[in-house]
Amino acid sequence: MRDRLEELRRRALERIADADAGALDELHGALLGRSGELTALLRGLGGLPAEERPLVGRLANEVKSAIQEALEARRDELRRAALEADLAGAGLDPTLPGAGRPPGAAHPVLAVARELQDLFRSLGFVVWEGPEVETEEHNFDALNIPPDHPARDVQDTIWLVDEPGRPRLCLRTHTSPVQVRALRELGAPLQVVAPGRVFRQEAQDATHEHSFHQMEGLVVDRGIGVPHMLHAMSVLLEHVFGRRIETRLRPGFFPFVEPGFELDARCPFCRAGCRVCKGSCWVELMPGGLVHPHVLEAAGVDSEEYSGFAFGLGLSRIAMLKWGIDDIRWMMSGDLRFLGQFPAQAGR
Ligand code: FA5
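In short, a report on the structure.

Definitions and limits used
- Residues numbered from 1 in each chain as written.
- Predicted model: local features only at pLDDT ≥ 70, side-chain atom pairs only at ≥ 80, totals over all residues.
- Heavy atoms only, no water.
- Buried < 20%, exposed > 50% of the residue type's maximum accessible area, 1.4 Å probe, protein only.
- Helix = DSSP H or I, 4+ residues; strand = E, 2+ residues; numbered from the N terminus.
- Pairing = 2+ DSSP bridges.
- Axes fitted to C-alpha atoms, helices over the stretch in contact; angles between N-to-C directions.
- Salt bridge = Lys/Arg side-chain N within 4 Å of Asp/Glu carboxyl O.
- Contact = heavy atoms within 4.5 Å.
- Polar contact = N/O pair within 3.5 Å; in protein donor to acceptor, adjacent residues only side chain to side chain.
- Near = heavy atom within 4 Å.
- Areas by Shrake-Rupley, 256 points an atom, 1.4 Å probe, with all protein chains shown as cover.
- Nonpolar A, V, L, I, M, F, W, Y, C, P; charged D, E, K, R; others polar.

Right, let's get into the pairing of strand S5 (residues 190-199). For S5, the tally of buried residues reaches eight of ten residues, placing the bulk of the element in the interior. Direction of pairing for strand S1 (residues 126-127) relative to S5: parallel, over a ladder of two bridges. Counted as the bridge partner of Val-126 is Val-192 from S5. Bridge analysis of S5 against strand S6 (residues 211-221) gives ten bridges, and the strand direction is antiparallel. If you follow Arg-197 over to S6, its bridge partner there is His-213.

This is the structure we're talking about:
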């Protein structure tokens, strides 16, 4: 009986190894089915002496498992071969590496914004964000920009709701309205930075976009003066550029500060006919000044007790200077040849 079982196993495995899909089904019936060979052999177990039955029974189970496993393995093998043949027929090679996705990275403006947020958080500032659709009151009135003031034209506002009898809404032209929002919500004293996108009807050129990013800085406390502002500006610039960069300060007019300043950086691209600085050798980077008492009062802060400084950094321009980008229009181009140059510096 044992010999017959071993012989059956040997023959069965040989036949299974050569079988095609149709033959496998037949083999399954011929070996393990009701009137299959193994079933017939097992029926003879009862005629064996009692002491042999357990051993032969165990062997019979082993042979049955071996046949079942061999049938399953051969089925898998045939299925895989059929799939590969199908793919090859369709011109596909499943062994080639996939196309994959190129790794993403932060946009250069986002990278600069994050770097500065980290810096200012470490100095005790709160990061505060305001909406891109802004009321006329926040964008202009509360910033001491009266209705007929030319500043409203200078910034060439994109109005969204401009109908008689309805509060006017615009795309914010700068991040300065966040000064008012933060002061009204947090009160004085406070230290905030407010990064975000702003919009203007702007003729585009190498340094001007219609949509660009700024970061507002605002510190209000007792006894704040111009030296505090200058210190904050120089800490900021040294942090971003990792070295002292040449700057100049000149008077600047903004209705929401008094006195007001313009901080310019030495143009790093400067050459004859430079289109970045238009031959002036300086790039406007960061205006600022002492918060006008009218702005403090409009936000409910006592201007007799508190004073403050504010600045409005051009984030897009900082990114340009940091990475030597000589045309701001690359920033919004969505061109992967441009964006792909930044993973190393701007990733995260
Ligand atoms: C303002 O927007 C003021 N709100 C800044 C301010 C804040 C002044 C707080 C005083 C106190 P200005 O329009 O100059 O200012 O813009 C600020 C900076 O944004 C500029 O120095 C420049 O770096 C950047 N900027 C201005 N216009 C554009 C533009 N069209 N494209 C790209 N960057 C621009």
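Ordered in space as S2-S4-S3, the three strands form an open sheet in which the pairing is antiparallel. Of all strands in the sheet, those bounded by a partner on one side alone are strand S2 (133-135) and strand S3 (158-161). The average undirected angle you get between the axes of adjacent strands in this sheet is 40°. In this sheet, strand S4 (residues 169-171) lies alongside S3 in antiparallel orientation, the contact comprising three bridges.

Below, the discussion takes up the pattern of salt bridges. Within the structure shown, the criterion is met by 25 salt bridges. The partner of Glu-72 in a salt bridge is Arg-75, with the nearest N and O atoms 3.6 Å apart. Here Glu-72 and its partner Arg-75 are both found in helix H4 (residues 53-89), three residues apart, which amounts to about one turn of the helix. The exposure class of Glu-72 is partly exposed, given its relative accessible area of 39%. The exposure class assigned to Arg-75 is partly exposed, which follows from its relative accessible area of 22%. A salt bridge links Asp-118 to Arg-121, with the nearest nitrogen and oxygen atoms 3.8 Å apart. Taken as a pair, Asp-118 and Arg-121 lie in helix H5 (residues 108-122) at a separation of three residues, close to a single helical turn.

Each strand in a sheet pairs with its neighbour through backbone hydrogen bonds, running either in the same direction (parallel) or in the opposite one (antiparallel). The sheet built from seven strands is open, its strands ordered S1-S5-S6-S10-S9-S8-S7 with mixed pairing. On the outer flanks of this sheet lie S1 and strand S7 (247-251), each paired with one strand and no other. Strand direction decides the pairing type here: strand S8 (residues 257-266) and strand S9 (residues 282-291), joined by eight bridges, are antiparallel. Bridge assignment links Phe-261 to a residue of S9, and that residue is Gly-288. Packing against the sheet, helix H8 (residues 177-186) makes contact with S5, S6, S9 and strand S10 (307-314), and its axis sits at approximately 145° to S5. Of the strands in this sheet, S7, S8, S9 and S10 are in contact with helix H9 (residues 226-241), which crosses S9 at around 145°.

Structurally, the position occupied by Asp-264 is in strand S8. Here the side chain of Asp-264 touches Arg-248 through a polar contact of 2.9 Å, side chain to side chain. Of the polar contacts made by the side chain of Asp-264, one reaches the side chain of Arg-250; its length is 2.6 Å. Not counting the four nearest positions on each side in its chain, Asp-264 is found in contact with Glu-246, Thr-247, Arg-248, Arg-250, Trp-282, Val-283, Glu-284 and Leu-285.

The next thing to look at is unusual backbone geometry. Most peptide bonds adopt trans geometry, and most residues besides glycine take a negative phi value. Across the junction of Ala-188 and Pro-189, the peptide omega takes the value -5°, indicating a cis bond. Relative to the elements of secondary structure, Pro-189 occurs in the loop between H8 and S5. The step from Glu-258 to Pro-259 runs through a cis peptide bond, and the omega angle for that step is 0°. Tracing the backbone shows Pro-259 in strand S8. Unlike most non-glycine residues, Asn-144 shows phi in positive territory, near 65°. Secondary-structure assignment places Asn-144 in the loop between helix H6 (136-139) and helix H7 (151-154).

Here we take up the site of the ligand. Around the ligand, a shell composed of 25 residues is seen, among which His-174, Ser-176, Arg-200, Glu-202 and Glu-209 lie nearest. The side chain of Arg-200 places a nitrogen or oxygen atom 2.9 Å from an oxygen atom of the ligand. At a separation of 3.1 Å, an oxygen atom of the ligand approaches a polar side-chain atom of Gln-214. Relative to its unbound accessible area of 670 Å², the ligand is 96% covered by the protein chains. Counting residues per element, the shell around the ligand draws most heavily on S9, at five residues. Of the residues belonging to the shell around the ligand, the class tally is ten nonpolar, nine polar and six charged.

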